[in-house]
Amino acid sequence: MTGGERLVVDPTRCRAAGLCAELLPEAVRPDEWGYPIVGSAPLDGRHRRLARRAVAACPVRALHLRP
Amino acid sequence: MLLGGYGGRWLRGRDGLETPLSHTAGPGPGPGIVLPVPQAACVLREVAEVVAALADQRAGQCGPCDHGLPALATATADLAACRADTATVRRIVRLAGLVTGRGACGLPDGVARFAATALTALPREVADHLAGHCPRPYRRLLPPVPVP
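Residues numbered from 1 in each chain as written. Chains lettered and ligands numbered in written order. Predicted model: local features only at pLDDT ≥ 70, side-chain atom pairs only at ≥ 80, totals over all residues. Heavy atoms only, no water.

In this section: the overall build of chain A. Tallying secondary structure elements over chain A gives two helices and four strands in all. When the helices and strands of chain A are listed from N to C terminus, the series reads β-α-β-β-α-β. Against the globule reference of 11 Å for 67 residues, chain A gives a C-alpha radius of gyration of 11 Å, in line with a compact fold. Along the three orthogonal principal directions, the C-alpha set of chain A runs to about 35 × 20 × 15 Å. Put simply, chain A has 67 residues, and 37% of those count as buried. Within chain A, contacts between residues at least 6 apart in sequence are counted, and of these 60% link residues at least 24 apart. Here chain A contributes 11 positively and 7 negatively charged side chains, and the mean placements of these two sets differ by 7 Å. (Helix = DSSP H or I, 4+ residues; strand = E, 2+ residues; numbered from the N terminus. Rg over C-alpha atoms; globule rule 2.2 N^0.38 Å. Buried < 20%, exposed > 50% of the residue type's maximum accessible area, 1.4 Å probe, protein only. Contact = heavy atoms within 4.5 Å. Lys, Arg positive; Asp, Glu negative; His and termini not counted. Charge placed at Lys NZ, Arg CZ, Asp CG, Glu CD.)

Given below as structure tokens:
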């Protein structure tokens, strides 16, 4: 594991619940309709832990961590 | 000139003619459609018509596209109708950025490219529209977007 994981949104599943932006504002910001804009940069260790929580919290499983 | 048809990119004046085409580097020819822009036609109106028609064809599967393309259609229509100010132009650029790469298919990317590149390729047309008067009559430049 080289820490290269990044967040990916599945656009057809996302319903703009907004939990990811609340749990991880450093890496996710909502657009003007509430849909998440995720950075393309790999997450560091602390953010990776928070990102896992955000992934688990998504009510429609639209958020993923990808290498 | 327009390179690539719907979802293509507008190139500025003579730059268009001098742009080397490549499928692998720089602007590609897309589906191979090249449309020279006649001086005496309102291109921004045609941009607005095509953006509106393509927005109507969205599948509605992805939020950013489902919200962004109608908003982009409204903003380009306002510009085409000379009801716009510089904030409208900035909004077109911003909306184009907001939808690009955020859909499951390439429709939002293409519509965004089509709308945003028109602004940079046609500065005189944009200035006329912001000043409230476009001397160019509207005529269709592209065939209508097919409706399934």
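Next comes the rest of the account.
Judged by nonpolar contacts, the single largest core of 57 residues is most densely connected at Leu7 of chain A together with Trp10, Val51, Leu72 and Phe114 of chain B. For this core, the secondary structure elements donating two or more residues are helix 1 (19–23), helix 2 (45–57) and strand 4 (63–66) of chain A together with helix 2 (43–56), helix 3 (63–80), helix 4 (86–99) and helix 5 (107–121) of chain B. (Core = buried A, V, L, I, M, F, W, Y, C linked by side-chain atoms within 4.5 Å.)

With nine residues of chain A in contact, the opposing surface of chain B contributes 14 residues. Taken over both partners, the interface formed by chain A and chain B buries close to 910 Å², and the fraction arising from carbon and sulfur atoms is 63%. Applying the counting rule to chain A against chain B returns three salt bridges. Remark: the boundary between chain A and chain B carries five residue pairs in polar contact (both at pLDDT 80 or more). (Buried area = accessible area lost by both parts, 1.4 Å probe. Salt bridge = Lys/Arg side-chain N within 4 Å of Asp/Glu carboxyl O. Polar contact = N/O pair within 3.5 Å; in protein donor to acceptor, adjacent residues only side chain to side chain.)

A word on the confidence of the model for chain B. Here chain B averages 91 in pLDDT, while 95% of its residues score no lower than 70. Interface confidence for the predicted complex, given as ipTM, is 0.91, next to a pTM of 0.92. (pLDDT = per-residue confidence, 0-100.)

Turning our eyes to something else, we now look at the side chain of His47 of chain A. Secondary-structure assignment places His47 of chain A in helix 2. On the basis of relative accessible area, His47 of chain A is assigned to the buried category, the value being 16%.

The next subject is the sheet that holds strand 3 (residues 34–35) of chain B. Residues and elements named next belong to chain B. A sheet is described by the order of its strands in space; here three strands give the open sequence 2-1-3, paired in antiparallel fashion. Taken across any chain shown, the strands that pair with only one partner, and hence form the sheet edges, are strand 2 (9–10) and strand 3. Taken together, the two bridges between strand 1 (residues 2–3) and strand 3 define a ladder with antiparallel strand orientation. Opposite Leu2, over in strand 3, you have Leu35 as the bridge partner. (Pairing = 2+ DSSP bridges.)

For the rest of this paragraph, the subject is the state of the cysteines. Any covalent bond linking the sulfur atoms of two cysteines counts as a disulfide. Scanning the entire structure with this criterion turns up zero disulfides over all chains. Cys65 of chain B provides the cysteine sulfur closest to Cys105 of chain B, a residue in no disulfide bond, and the two sulfurs are 6.3 Å apart. (Disulfide = S-S within 2.5 Å.)

Right, let's talk about helix 4 of chain B for a bit. Each α-helix winds once per 3.6 residues, and so residues spaced three or four apart point in a common direction. Its 14 residues place the ends of helix 4 of chain B 20 Å apart at the C-alpha level, agreeing with the 20 Å of an ideal helix rising 1.5 Å per residue. Within helix 4 of chain B, burial applies to Thr88, Val89, Ile92, Leu95, Ala96, Leu98 and Val99 of chain B. In this fold, the buried residues of helix 4 of chain B make contact with strand 3 (36–38) of chain A together with helix 3, helix 5 and helix 6 (123–130) of chain B. Structurally, the start of helix 4 of chain B carries an N-cap: the backbone nitrogen of Ala87 of chain B is 3.0 Å from a side-chain oxygen of Asp85 of chain B. Phi turns positive, to about 75°, at Gly101 of chain B, one or two residues after helix 4 of chain B. (Expected span 1.5 Å × (residues − 1).)

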